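What follows is each chain in one-letter form.
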Amino acid sequence: VGLVCTFMANLVTILLESCLPAHLAYWSQNVSMACMGYGLLLQMRAWGKEQIALRARLADFDVRSCACQCEEDRPVVYQNICKLMRGAQLADERASEEESL
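Residues numbered from 1 in each chain as written. Predicted model: local features only at pLDDT ≥ 70, side-chain atom pairs only at ≥ 80, totals over all residues. Heavy atoms only, no water.

*Asks:* Would you mind going over the pattern of salt bridges in detail, with residue names and values included?
*Replies:* Within the structure shown, the criterion is met by one salt bridge. When the shortest N-O distance is used, the salt bridge between E71 and R74 registers 2.9 Å. (Salt bridge = Lys/Arg side-chain N within 4 Å of Asp/Glu carboxyl O.)

Have a look at this one:
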């Protein structure tokens, strides 16, 4: 996003410098950088909102309430999640399946 904003700011600078009289062309870089800064501000704000929404979803997440394509596979899925949690040392090796989930 930053690279795209910088590229666009440079394009705006070039266009403004070619269109404006010499005494105004000096300000073209300032105008284009202000536009770039505003674009980055909007992107960072959107990213921040996405992060807040993601954290809210994860705070309420429970693996037991997830939909399973095939309900017969649920025990296998739970076993694999437990293996992953133990392997990543996020759950104790001796923890029960309930504690690991």
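*Asks:* Can you lay out helix 4 (residues 74-87) for me, pointing to particular residues and giving the numbers?
*Replies:* The end-to-end C-alpha distance of helix 4, which contains 14 residues, comes to 20 Å, matching closely the 20 Å that a straight helix rising 1.5 Å per residue would cover. Turning to helix 4, its buried residues number three or more, namely R74, Y78 and C82. Buried residues in helix 4, looked at end-on, bunch into an arc of 75°, giving them a common side. What points out from helix 4, more than 90 degrees from its buried face, is the exposed set K83, L84 and G87. Following helix 4 by one or two positions, Q89 adopts a phi angle in the positive range, close to 60°. (Helix = DSSP H or I, 4+ residues; strand = E, 2+ residues; numbered from the N terminus. Expected span 1.5 Å × (residues − 1). Buried < 20%, exposed > 50% of the residue type's maximum accessible area, 1.4 Å probe, protein only. Arc of directions from axis to C-beta.)

*Asks:* An account of the confidence of the model for the protein is requested, with residue identities and associated values reported.
*Replies:* On average, the protein scores 82 in pLDDT, and the residues at 70 or more come to 99%. Helix 5 (residues 97-100) is the least confidently modelled element of the protein, averaging 74 in pLDDT, while helix 3 (residues 28-59) averages 87, the highest of any element. (pLDDT = per-residue confidence, 0-100.)

*Asks:* Account for the environment of L15, naming residues and giving values.
*Replies:* Counting through the fold element by element, L15 comes out in helix 1 (residues 2-19). Assessed through its relative accessible area of 53%, L15 is described here as exposed. Along the backbone, L15 and S28 are 13 residues apart, and their C-alpha atoms lie at a distance of 8.7 Å.

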